[in-house]
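If you want the building blocks of each chain, they are given just below.
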Amino acid sequence: MSNAVKRHYTPGELQMRRATLEDLPAAHELYAAARAFMVQAGNPTQWAGGYPADEMLRDDVACGALWLCHSSSGELLAVFYFQTLDDDETYREIDGAWLNEQTYGVVHRIATRQGTHGVGTACIEWAQGQARERGAGGGLRIDTHEDNVAMRRLLEKLGFSTCGTIWTYDGSPRIAFQRLN
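Note that the structure is predicted; figures quoted are calculated from it, not measured.

**Q** What exactly am I supposed to notice about the overall build of the protein here?
**A** A count of helices and strands for the protein gives 4 helices and 10 strands. Since a compact globule built from 181 residues should have a radius of gyration of about 16 Å, the 15 Å found for the protein is in line with a globular shape. Dimensions of the protein, computed from C-alpha atoms along their principal axes, come out at roughly 40 × 35 × 30 Å. Looking at the protein residue by residue over its 181 residues, the buried ones come to 50%. Looking at the protein alone, contacts between residues at least 24 apart form 70% of all its contacts between residues at least 6 apart. On the protein, roughly 8,900 Å² of surface is accessible, and the fraction owed to carbon and sulfur atoms is 49%. The distance from the centre of the 17 positive side-chain charges to the centre of the 23 negative ones in the protein is 7 Å.

Here it is, written out as structure tokens:
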């Protein structure tokens, strides 16, 4: 997949839809490019070893939580997990404190096409809106590796509060963020 010409996208130019199993090859390509970018940016361990695995993405599709972001011309620009939950296993324990304990939306594993601007913002804002529409009084929760400077800057720019540290399924720490609706 070739990189898109550097372009800034506005939310009105983007369309979100649930992924299907047929979308997995393209999703894997976006994730591979994101892993390579993270290594170049000094974050070699966050998605090491081919994360996310095909089985995980298939499970995400099966529960309706894997989402794609397309341009109005149909170009795939991002892939991410989004769901509204009462309980995300990785967020049960936190060294710190969440802003509240109400139902919340969750974004995991967001990868955007390199050379695009505004796509990550649009995906997160869309997820926040979905959480609000679904009555999630806890807003949106998301986490990232301490070495993922780009994501940390984006979350800070979008007004997320740093809530503490959580641990992923493999025991590695992540910085936890939340933004209320």
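Having seen the model, we can carry on.
**Q** Explanation requested: the sheet that holds strand β3 (residues 66-71) in the structure shown.
**A** If you walk across this open sheet you meet the 8 strands as β2-β3-β4-β6-β8-β10-β9-β5, and the pairing is mixed. Strand pairing shows two members of the sheet lacking a second neighbour, β2 (14-18) and β5 (95-96), which therefore form its edges. When β3 meets strand β4 (residues 76-85), the two strands line up antiparallel, connected through 5 bridges. Looking across to β4, one finds that Leu 68 is bridged to Val 79. Packed on one face of the sheet, helix α2 (residues 54-62) meets β3, β4 and β6 (104-112) and runs near 85 degrees to β3.

**Q** Before we go on, may I ask you to explain helix α3 (residues 119-133) in this structure?
**A** Because an α-helix completes one turn every 3.6 residues, residues spaced three or four positions apart along the sequence face the same direction. Across its 15 residues, α3 extends 21 Å between first and last C-alpha, which sits within 8% of the 21 Å expected from 1.5 Å per residue. Of all 15 residues in α3, 12 are buried, a share of seventy percent or more. Residue Gly 135 follows α3 closely and has a positive phi angle near 80 degrees.

**Q** So what exactly am I meant to see when it comes to the nonpolar core here?
**A** The biggest cluster of nonpolar side chains holds 26 residues, and the ones touching the most others in it are Phe 80, Phe 82, Cys 123, Ile 124 and Phe 160. Secondary structure elements with two or more residues in this core: β2, β3, β4, β6, α3, β8 (140-144), α4 (149-157) and β10 (173-179). At 6 residues, α3 tops the list of elements feeding residues into this core. Excluding its chain neighbours within four sequence positions, the residues that come into contact with Phe 80 are Met 16, Tyr 31, Ala 65, Leu 66, Trp 67, His 108, Arg 109, Ile 110, Cys 123 and Trp 126. Core analysis: the next-biggest nonpolar cluster, separate from the first, contains 16 residues, Ala 34, Trp 47, Tyr 51 and Val 61 among them.

**Q** Which parts of the structure should I look at to understand the pairing of β8?
**A** Remark: a regular strand shows side chains that alternate across the two faces of the sheet. In terms of burial, β8 is a largely internal element, 5 of the 5 residues being buried. The alternating pattern of β8 places Leu 140, Ile 142 and Thr 144 on one face and Arg 141 and Asp 143 on the opposite face, and all of these are buried. Summarising the sheet, β6 and β8 pair through 3 bridges and their orientation is parallel. Bridge assignment links Val 106 to a residue of β8, and that residue is Arg 141. In the sheet, β8 pairs with β10 via 5 bridges, with the strands oriented antiparallel. Residue pairing in the sheet places Asp 143 in a bridge with Ala 176 of β10.

Rules and cut-offs
Residues numbered from 1 in each chain as written. Predicted model: local features only at pLDDT ≥ 70, side-chain atom pairs only at ≥ 80, totals over all residues. Heavy atoms only, no water. Helix = DSSP H or I, 4+ residues; strand = E, 2+ residues; numbered from the N terminus. Rg over C-alpha atoms; globule rule 2.2 N^0.38 Å. Buried < 20%, exposed > 50% of the residue type's maximum accessible area, 1.4 Å probe, protein only. Contact = heavy atoms within 4.5 Å. Areas by Shrake-Rupley, 256 points an atom, 1.4 Å probe, with all protein chains shown as cover. Lys, Arg positive; Asp, Glu negative; His and termini not counted. Charge placed at Lys NZ, Arg CZ, Asp CG, Glu CD. Pairing = 2+ DSSP bridges. Axes fitted to C-alpha atoms, helices over the stretch in contact; angles between N-to-C directions. Expected span 1.5 Å × (residues − 1). Core = buried A, V, L, I, M, F, W, Y, C linked by side-chain atoms within 4.5 Å.

All quantities given are derived from atomic positions and should not be read as evidence of function.
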